[in-house]
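Observations on chain architecture
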Amino acid sequence: MQVPLLDLKAQYQALREPIMKAVDETLASGAWILGPKVKELEGMIADRVGANAAIGCASGTDALLLSIRALHLQPGDEVICPTFTFFASAGAIVNARAVPVFVDVDEDSFNMSPAALERAITDKTKAVMPVHLFGQSAEMDPILDLCKSRGIAVIEDAAQSIGSTYKGRRIGSLGDTACFSFYPTKNLGGNGDGGMITTSSEEIESNLRMLRVHGARTKYYNEEVGFNSRLDAIQAAILMIKLEHLSDWAKARQTNARNYDEALGPIDGIVCPKKTVEGDHVYNQYTIRVQKGERDALREHLKEHGIGSEVYYPYPLHLLPAFQCLEGMEGDHPVSENAAKEALSIPIFPEMTPDQQGYVIETIKGWVAKQ
Ligand SMILES: *Cc1c(COP(=O)(O)O)cnc(C)c1O
């Protein structure tokens, strides 16, 4: 049996007809970039996450980049983000001409540690970027408290967490902006790149709409040097079809997660992902910890048995060559460094059959028994 980490072909086959129809309609309309389809999707996403506005852009990375630029920071201003996250979180900070400051995560959640955040705040801190990693909200109340009292902006990196909630509030409505990605591996993935920013601030919304079209609020009257970062109408049309299935897909992921929790939870040396906040975890990834230095061995064993897995993420950002200029050192953020050695994401996609999941579970149990 083969179990990929994610089965995008199965998703496409299930939706092929409506997608082909929507693509044909969009192409026939002649409006291929932004336009009515993108506007319609923006309205749906804003409603969905409970924000006043949504602004489509070219990718989740650009959503972060535009969000930071929309704050009009000064040279030397700092933006704090976790060191255990996808590269784009911090890459966007640098490309927005701000200085990234890395903080450690909490062991149980893989998300930004509010205590580490408090220690890292300086007079230069102008924004904080909590990442809702793997589909679970960061611990937002303490983060929002720390930021609001100091006038620091909060940019949610919600690329992996569309549809998740925190204490009854929806991800995407908590920060000054929230950034979503429609990269195909995300819970709401397009058939290509795409991104979206949500905000309830009219000023930030206006800045974002200006920045995504080269910094012009009025055509050909450019106020600043912005970007070409627009969402394609084809992607918007496809995403609207998929949006109808998002809740069901999240439920299927949650069911798969419960099955894993029950089957793998009791195993010594394997730690299942924990629910650390009150709210819906949407399991963009189901990320276990494999202790005792055995992570790579288990991954190899899964591969030999036709099961896909991935290490998200093998390096904390402060140890990457790209950020050497910030002089991060081994030992600076020990929880993240350990997570990078233990984390292993296993198949959780909604189309996974009970047989496939049973096979993954038995293969892991078989490996554990031989240790
Ligand atoms: C995927 C992702 C991004 C970037 O999104 P793209 O659409 O791939 O540019 C940013 N942050 C996190 C946490 C992500 O998972």
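Residues numbered from 1 in each chain as written. Predicted model: local features only at pLDDT ≥ 70, side-chain atom pairs only at ≥ 80, totals over all residues. Heavy atoms only, no water.

**A closer look at the packing of helix α9 (residues 246-264) against helix α12 (residues 354-369)**
- At a minimum axis separation of 11 Å, α9 and α12 run at an interaxial angle of 25 degrees. With respect to each other, α9 and α12 are oriented roughly parallel. As α9 runs across α12, the sense of the crossing is right-handed. Contact with α9, carried on its side by Asn256, Asn259, Tyr260, Ala263 and Leu264, involves Gln357, Val360, Ile361, Ile364 and Lys365 of α12 and no other residues of that element.
- Taken together, the residues of the contact of α9 with α12 break down into six nonpolar, three polar and one charged. (Axes fitted to C-alpha atoms, helices over the stretch in contact; angles between N-to-C directions. Helix = DSSP H or I, 4+ residues; strand = E, 2+ residues; numbered from the N terminus. Parallel < 35°, antiparallel > 145°, perpendicular 65-115°, else oblique. Left-handed = near helix turned anticlockwise from the far one by under 90°. Contact = heavy atoms within 4.5 Å. Nonpolar A, V, L, I, M, F, W, Y, C, P; charged D, E, K, R; others polar.)

**Observations concerning the site of the ligand**
- Neighbouring the ligand are 16 residues, the closest being Thr61, Asp157, Gln160, Ser181 and Lys186.
- Here an oxygen atom of the ligand and a backbone polar atom of Gly60 are 2.8 Å apart.
- Residue Gln160 places a side-chain N or O atom 2.8 Å away from an oxygen atom belonging to the ligand.
- Computed on the free molecule, the ligand has an accessible area of 380 Å², of which 93% lies beneath the protein chains in the complex.
- Only α3 (60-70) and α4 (87-95) provide two or more residues apiece to the shell around the ligand.
- Of the residues assigned to the shell around the ligand, the class counts are six nonpolar, eight polar and two charged. (Near = heavy atom within 4 Å. Polar contact = N/O pair within 3.5 Å; in protein donor to acceptor, adjacent residues only side chain to side chain. Areas by Shrake-Rupley, 256 points an atom, 1.4 Å probe, with all protein chains shown as cover.)

**A short note on the sheet that holds strand β9 (residues 195-199)**
- A sheet is described by the order of its strands in space; here seven strands give the open sequence β1-β9-β8-β5-β4-β2-β3, paired in mixed fashion. Each of the sheet's edge strands pairs with one partner strand only, and the pair in question is β1 (53-57) and β3 (99-103). The mean inter-strand angle of the sheet, taken between neighbouring strand axes irrespective of direction, is 25 degrees.
- Summarising the sheet, strand β5 (residues 153-157) and strand β8 (residues 177-181) pair through three bridges and their orientation is parallel. For Glu156, the partnering residue across the bridge sits in β8 and is Ala178.
- Strand contacts of helix α2 (residues 35-49): β1, β8 and β9, with the helix running at about 130 degrees to β1, the strand carrying the most contacts.
- Taken strand by strand, α4 contacts β2 (78-82), β3 and β5, and its axis lies near 150 degrees from that of β3. (Pairing = 2+ DSSP bridges.)

**Description of helix α7 (residues 202-211)**
- Every buried residue of α7 is listed here: Ile204, Asn207, Leu208, Met210 and Leu211. Relative to the axis of α7, the buried residues are bounded by an arc of 160 degrees and lie together on one face.
- If you follow the buried residues of α7, they end up packed against β1, α3, β8, β9 and β10 (216-218). (Buried < 20%, exposed > 50% of the residue type's maximum accessible area, 1.4 Å probe, protein only. Arc of directions from axis to C-beta.)

**A closer look at the packing of aromatic side chains**
- With the rule as written, the count across this model stands at 10 aromatic pairs.
- Judged by centre distance (6.5 Å) and plane angle (80 degrees), the ring pair of Phe84 and Phe134 falls under edge-to-face. Of this pair, Phe84 sits in the loop between β2 and α4 while Phe134 sits in the loop between β4 (125-128) and α6 (140-148), and the two are 50 residues apart along the sequence.
- Assessed through its relative accessible area of 1%, Phe84 is described here as buried.
- Through pairs of rings, three or more aromatic residues link up here, namely Phe84, Phe86, Phe110, Phe134, Tyr312 and Tyr313. (Phe/Tyr/Trp six-rings, centres within 6.5 Å; stacked < 30°, edge-to-face > 60°.)

**Things to note about the nonpolar core**
- If you look at the biggest cluster of nonpolar residues, it comprises 42 residues, and the most contacted ones within it are Leu41, Ile45, Ile80, Leu117, Val128, Leu188 and Met196.
- Mapped onto this core, the elements with two or more residues apiece are α2, β3, α5 (114-120), α6, β8 and α8 (233-243).
- Apart from the residues lying within four places of it in its own chain, the contact partners of Leu117 are Ile80, Val103, Met112, Val128, Ile143 and Leu146.
- The next biggest cluster of nonpolar side chains, apart from the first, holds 30 residues, and it includes Val79, Ala96, Met210 and Leu320. (Core = buried A, V, L, I, M, F, W, Y, C linked by side-chain atoms within 4.5 Å.)

**Considerations on unusual backbone geometry**
- Cis geometry is found at the peptide bond from Tyr312 to Tyr313, where omega equals 5 degrees.
- Residue placement: Tyr313 occurs in the loop between α10 (295-304) and α11 (334-342).
- Residue Phe134 is not a glycine yet carries a positive backbone phi of 65 degrees.

**A look at the domain arrangement of the protein**
- Here the protein is described as being made up of domain 1 (8-103 + 110-243) and domain 2 (246-369).
- For domain 1 versus domain 2, the distance between C-alpha centres works out to 25 Å.
- Between domain 1 and domain 2, the contact holds 39 residues from the first and 33 residues from the second.
- Regarding the contact of domain 1 and domain 2, the summed buried area is about 3,100 Å², with carbon and sulfur atoms giving 63% of it.
- The three residues of domain 1 that bury the most area against domain 2 are Phe134, Gln136 and Asn187, which together make up 23% of that side's buried surface.
- Where domain 1 meets domain 2, there are zero salt bridges.
- Summed over the shared surface of domain 1 and domain 2, the result is 16 residue pairs in polar contact (both at pLDDT 80 or more).
- For the side of domain 1 that touches domain 2, the secondary-structure elements that each account for two or more residues are α1 (8-29), α4, β3, β6 (165-166) and α8.
- Per-class residue counts for the side of domain 1 that touches domain 2 are 20 nonpolar, 14 polar and five charged. (Domains from an automatic or database assignment. Buried area = accessible area lost by both parts, 1.4 Å probe. Salt bridge = Lys/Arg side-chain N within 4 Å of Asp/Glu carboxyl O.)

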